[in-house]
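# Structural features, examined
Chain by chain, the residues run as shown.
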Amino acid sequence: MQTVGDMATLSDLPTPDSDTQRPTLKTIAAATGLAIATVSRALKDAPDIGEETKKRVRETAAQLGYRPNRAGVRLRTGKTNVIALVLSTETDVMNHTSRLIYSIANALRGTAYHLIVTPFFPDQDPMEPIRYIVETESADGIILNQTKEDDPRIRYMHDHGFPFAAHGRTNMGLDHAFYDFDNEAYGRLGARTMIERGRKRLLLVPPPRAHMYARHMIFGFSDEAALLGVPFEVSEHVTSDSGGEAVEAAIAARFALPNPPDGILVGSTTAAMATIAGAEASGRQIGRDFDVVAKEAIAVLRRFRKDILIVREDVGRAGEFLARALVAEIDKRDWTARQGLEVPVKVEQGR
């Protein structure tokens, strides 16, 4: 048995100057006085290893410059220790997507897994990156967003038994890990808030209708406005993903017509700023002549206009939830909180 006196210190160990001196699990075990198996499980974030032990192992591994040999890991376990985040390039990069990437990567820190981001483009089949990852086994699991009511990507991964987690829901009746923002509640909350502020005609700039969250938002907004007896319209020409110039032009054109809206609900941060610019081009003033309700993941809108009405979306929480749920799926661990839903309850004024 190795005693404390026999235990090597970090200064006694070789520095990773070359491949021949590359630190291994055995090196970390020698430095910490732990068994190699314990070190291995601690680096994998195994639930039966204490947090203090995990912290000590990770700190030692970082000081030694330890990096797992991916090829060796795959040969021994059949795993890559990679999680792929598959994202559309049309998403709201400035706000929503950047926060999602950060939160997932942060949740994976200290685990055996690392994150790769795989984009797909508007002219590309969304199934293409999914098939590639599954068929080549280039990742152990996938996180995806912008789900559809009947999503072929989710059907494909479910049928192939490939671990995944979705930022969003479907109507497919399949049991899988997901986290979602309640966009029906957002639509209702936004419509009700503007009506309570005295607005008489509402407009929604929704996400693309093929996405499930767009259907939720449209239903919540339309149903709440109808229940409260206020006229409303849903933009047919642009969506919240259309791009700033297109949204600004569409809103400016709508305000040039009779009976323009005086309350607008928007599906993204970028579209909210474009909406305000388009309405202001007609000489209207936000807060006085019209209201805009928008959701955001990073606090930027209040710096744009102080009279904007804001609903917070905790994308950081979503990313952490998805990462932990997917790792549990991959490791075949019981995970009771496999599905989560954030329900917005408050609208804040930017000022």
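The structure under discussion appears in the preceding block.
Residues numbered from 1 in each chain as written. Predicted model: local features only at pLDDT ≥ 70, side-chain atom pairs only at ≥ 80, totals over all residues. Heavy atoms only, no water.

## Quick look at the overall build of the protein
For clarity, the threshold we go by: We count a stretch as a helix when DSSP gives it H or I for four or more residues in a row; a strand needs E for two or more, and each element gets its number in order from the N terminus. Burial classes follow relative accessibility: with a 1.4 Å probe on protein chains only, a residue under 20% of its type's maximum area counts as buried, one over 50% as exposed, and anything between as partly exposed. Contact between two residues is taken to exist if any of their heavy atoms lie within 4.5 Å; hydrogens are not considered.
A count of helical and extended segments in the protein gives 13 helices and twelve strands. The proportion of buried residues among the 351 residues of the protein is 50%. The contacts of the protein with a sequence gap of at least 6 include a subset with a gap of at least 24, amounting to 65%.

## Quick notes on the pattern of salt bridges
Counted only if it meets this: A pairing counts as a salt bridge when a side-chain nitrogen of Lys or Arg comes within 4 Å of a carboxyl oxygen of Asp or Glu.
Per the counting criterion, the structure on display carries 27 salt bridges. Residue Arg155 is joined to Asp150 by a salt bridge in which the shortest nitrogen-to-oxygen separation is 3.8 Å. The exposure class assigned to Asp150 is exposed, which follows from its relative accessible area of 53%. A single network of salt bridges, built from pairs that share partners, joins Glu184, Arg188, Arg192, Asp223 and Glu224.

## Overview of a nonpolar patch on the surface
Using the following cut-off: Like charges within 9 Å and nonpolar side chains (Val, Leu, Ile, Met, Phe, Trp, Tyr) within 5 Å are joined into patches, using only residues over 30% in relative accessible area that form no salt bridge. Here, Shrake-Rupley sampling with a 1.4 Å probe gives the accessible areas, and only protein chains in the shown set may cover a residue.
Among the surface-exposed residues, Leu341, Val343 and Val345 lie close enough to one another that they form a single nonpolar patch of about 270 Å² accessible area. Take Val345: it is sitting in the loop between strand S11 (339–342) and strand S12 (348–349). Among the residues examined, Val345 registers a relative accessible area of 70% and is labelled exposed.

## Here we look at the packing of aromatic side chains
The condition is simple: By convention, a stacked pair of Phe, Tyr or Trp rings (six-membered ring in the case of Trp) has centres within 6.5 Å and planes under 30 degrees apart, an edge-to-face pair has planes over 60 apart, and any other such pair is tilted. A positively charged side chain is recorded as over a ring if its NZ (Lys) or CZ (Arg) lies within 6 Å of the ring centre. The angle to the ring normal must also be within 35 degrees.
With the rule as written, the count across this model stands at four aromatic pairs. Between the aromatic rings of Tyr179 and Phe321, the centroid separation amounts to 5.0 Å while the plane-to-plane angle is 50 degrees, which identifies the pairing as tilted. Taken together, the residues span a long stretch of sequence, with Tyr179 in strand S5 (residues 177–181) and Phe321 in helix H13 (residues 315–330) at a distance of 142 residues. Grouping residues by exposure puts Tyr179 and Phe321 together as buried. In this structure, Lys295 packs its charged tip against the face of Tyr186, placed 5.6 Å from the ring centre. Positioned above the aromatic ring of Phe304, the side-chain terminus of Arg305 is 4.4 Å from the ring centre.

## Quick word on the side chain of Asp180
The condition that has to hold: What qualifies as a polar contact is a pair of N or O atoms within 3.5 Å, subject to a donor-acceptor requirement within protein and to the restriction that residues adjacent in sequence count only when both atoms come from side chains.
Inspection of the secondary structure puts Asp180 in strand S5. In terms of polar contacts, Asp180 uses its side chain to reach the side chain of Arg169, at 2.7 Å. Not counting chain neighbours up to four residues away, the residues in contact with Asp180 comprise Gly168, Arg169, His216, Gly340, Leu341 and Glu342.

## So, the environment of Pro122
Here Pro122 shows up in the loop between strand S2 (114–120) and helix H6 (127–136). The class for Pro122 is exposed, based on a relative accessible area of 55%. Sequence spacing of Pro122 and Thr89 is 33 residues, and the spatial spacing of their C-alpha atoms is 7.2 Å.

Honestly, it's all geometry; don't read function into it.
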